[in-house]
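Summary of structural features
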Amino acid sequence: MKKDCFIIKGDIVYSESKTELKEIKDGYLICGEGKSLGTCKRKEEIPEASRDFELYDFTGKLIIPGLYDLHIHAPQYAFRGMWMDMELIEWLNSHTFPEEAKYGDREYSEKAYKIFVRDLLKSPTARFCAFSTVHRETTELLMDMVEDSGLKAFIGKVNMDRNCPDFLRESTVSSYEETLRWLEDTEKRNYKNVRPILTPRFIPSCTDELMKKLGGLIEERGLALQSHLSENLSEVEWVHELCPESENYGDAYERFGLFGGHGNPTIMAHCVWSGDEEAKLMKKNGVYVAHSPSSNNNIASGIAPLRKFMDMGLNIGLATDVAGGSTVSVMRIITDAIQASKLYWRLVDDRKKPVTFPEAFYLATVGGGSFFGKTGSFEKGYEADILILSDEDIPTAIEGLSLSERLERYAYIAGDRPVEHKFVAGKMLF
Ligand code: GUN
Ligand code: FE
C-alpha cells in the first residue's frame, strides 16, 4: 500500500463553480501525497494506479472540503457569547482590551489557548488566520500549539502603540522590535503548519510612524498582512479624523503600503461600510474581504454589502471574528451570511439579490481557501482538506433528499457541532 495515499468513499459534495455544487452519491475521492487526485462515481472508474490505496469507507456520510476562517481572535475565544450589548469601540475598551492584557501571563495563555485549539480542531475549520495579542512570547506559544494540532494557520502578533490602555500599549520602537524578534523566532522554529502574518490591529491603534515601519517590512519581505476595515460607523468617522488626507479608510492603509498590491496576501476584516472607491482599491490590490456576519450582527456594526463585493469579483472568504462572533464554526457563518444578505436585500438595496447556499458554501471553501493556496475543492490538484459529517442522527420523514439538500440542512440544524473526522493536506487529524 502506498504511503499517504488513500481513497474515501461516501456522499461527496463540493463546489463545481461559484453557483453550483457537485454531488457524487456513494462516490470515491482519491488522494495522494496530500492532494486530491480526483473523484469518481463508481469503483470501476478508480484509475489502475490507485486501486491498492487504503480505503476509508464512510458510506452514508457527507464528505466535503475543509472550511476556512479568514479572521478570528484567539485570545477572545475565552469570552465568546458574552458582553454583546455594545458597539465596537466601547466593547474593545470595556471588555476586549482587559481580557487581552491577560495574555502577558503564560499560565493563563496556556489554559485559554488550549481550549481554543481543542475546539477549533473539532470544528469544520481546516485553516485559519488568527490575531493573538501584542505579547510575543504567548503568540509563539499559540503558534506552537496550533503547529502541533495539525491545523494550518497564519497567526499574527498584534501591533498597537496608541489609543489603547497603558497596560496593553507598546511603544513604537518596542512594537517594531518585538515584531522583528517574533519573525526571527518563527523562522528558527521551522514550522510546517503555521506562518506569521503582520497584524497592525487597525488604523486607530497604530501611529503613522509604526505603520511606516511595517510598510517597510512588507516591501522588504513580502509578508502576509491582516487587519480591520470599515467595520463600524464611529470607527470609520474616527479614522477620517485621524487621517484627514486619506480618501477613505482603505487609502489610509494604502498610503503606508499596507493594503495589498505587493504580491503579498492581505486580508481586511468586515468592510461593512466600504464604499465603491474603497472596494475598487481592494479589487485592484487583490485584498481579501473577511466577511463576518455573526460579529457584524452581535456588535451591531451593520450588514456588509456581500453581493456587491461578489458582483465586483473581489476575493472573499468567510470569518467567525470570534469573539465579535460567538461561534467558531464557519458552517454556521455560511447560514449567517445567507441570512444577512437577505436583510441587506430587504432593507438596504433590493437590487442586491440574497446569496444562495451554493454561493455561500463556495465562499467558505474555495473563496477563503484560495488565501492558503490551492485548497477548498476536490478537483484534481487541490490540497486534500476533507471533512466527514454525519447527518444520520437528524432524521426526517422525507425520502430521497439530494446531497445538496442534506448539506444545507446540516448547516442550518447542526452547523455548530463537531465534525466526525478531519483531514488537512491529506493528514487525518482524527
Ligand atoms: N477592530 C479592532 N480590534 C477589533 C477586534 O478585536 N474585534 C473586532 N471585531 N474589530 C476590531
Ligand atoms: Fe476582528
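Structural data are supplied above this passage.
Described in the following lines is the structure provided in the data block. Here the structure is a predicted model, which means the values were calculated and not measured.

What counts, and at which threshold
Residues numbered from 1 in each chain as written. Chains lettered and ligands numbered in written order. Predicted model: local features only at pLDDT ≥ 70, side-chain atom pairs only at ≥ 80, totals over all residues. Heavy atoms only, no water. Pairing = 2+ DSSP bridges. Helix = DSSP H or I, 4+ residues; strand = E, 2+ residues; numbered from the N terminus. Axes fitted to C-alpha atoms, helices over the stretch in contact; angles between N-to-C directions. Contact = heavy atoms within 4.5 Å. 1 Å grid on protein atoms, 1.4 Å probe; cavity = no way out; pocket = protein on both sides within 12 Å on 5 of 7 lines; lining within 4 Å. Points joined across faces, edges and corners; volume = space filled by probe spheres on them. Donors = N, O, S within 2.8 Å, 3.2 Å for Na, K, Ca; no water. Tetrahedral: all angles 85-135°; square planar, octahedral: opposite > 155°, others 65-115°. Near = heavy atom within 4 Å. Polar contact = N/O pair within 3.5 Å; in protein donor to acceptor, adjacent residues only side chain to side chain. Areas by Shrake-Rupley, 256 points an atom, 1.4 Å probe, with all protein chains shown as cover. Sits in = over half its atoms within 2 Å of the grid points. Nonpolar A, V, L, I, M, F, W, Y, C, P; charged D, E, K, R; others polar.

1. Section: the sheet that holds strand β11 (residues 225–229)
- Pairing within the open sheet is parallel, and its four strands lie in the order β11-β12-β13-β14. What marks the edges here is a single partner per strand, and that holds for β11 and β14 (315–318). Averaged over all neighbouring strand pairs, the angle between strand axes comes to 30°, with direction disregarded.
- Note: strand β12 (residues 266–270) against strand β13 (residues 288–291), three bridges, orientation parallel. In the strand pairing of β13, Met 268 is matched with Val 289.
- Each of β13 and β14 touches helix α11 (residues 330–348); the most contacted strand, β14, lies at about 115° to it.

2. Notes on empty space enclosed by the protein
- Applying the stated criterion to the full structure yields one cavity of 30 Å³ or more.
- Taken as a whole, the largest cavity encloses approximately 100 Å³ of empty space.
- The wall of the largest cavity is formed by His 73, Gln 76, Leu 88, Trp 91, Leu 92, Arg 201, Phe 202, His 228, Glu 231, Glu 235, His 270 and Asp 321.
- Counting residues per element, the lining of the largest cavity draws most heavily on helix α1 (residues 88–101), at three residues.

3. Description of unusual backbone geometry
- A cis amide bond, omega 10°, links Val 322 with the succeeding residue Ala 323.
- Turning to its location among the elements, Ala 323 is positioned in the loop between β14 and α11.
- Within the chain, Cys 271 stands out as a residue other than glycine whose phi angle is a positive 55°.
- Along the chain, Cys 271 turns up in the loop between β12 and α8 (276–285).
- Notably, Ala 300 is not glycine yet its phi reads approximately 50°, a positive angle.

4. Section: the coordination of the iron ion (ligand 2)
- Distances from the iron ion (ligand 2) to its protein donors, His 71 (NE2), His 73 (NE2), His 228 (NE2) and Asp 321 (OD), fall at 2.0 to 2.3 Å.
- Its four donor atoms give the iron ion (ligand 2) angles of 87 to 171° at the centre, a pattern that matches the irregular case.
- Site description for the iron ion (ligand 2): donor spacing in sequence, H-x1-H-x154-H-x92-D. One end of the pair, His 71, is in strand β5 (residues 67–73); the other, Asp 321, is in the loop between β14 and α11, and 250 residues separate them in sequence.

5. Let's talk about the site of ligand 1
- Taken together, His 73, Gln 76, Leu 88, Trp 91, Leu 92, Arg 201, Phe 202, His 228, Glu 231, His 270, Ile 299 and Asp 321 form the complete shell of residues around ligand 1.
- With respect to ligand 1, the side chain of Glu 231 contributes an N or O atom lying 2.7 Å from a nitrogen atom.
- Take Asp 321: an N or O atom from its side chain is 2.8 Å from a nitrogen atom of ligand 1.
- For ligand 1, whose free accessible area comes to 280 Å², the fraction covered by protein is 100%.
- Comparing atom positions with the cavity grids shows ligand 1 to sit within the largest cavity.
- It is α1 that contributes the most residues to the shell around ligand 1, three residues altogether.
- A class-by-class count of the residues in the shell around ligand 1 yields five nonpolar, four polar and three charged.

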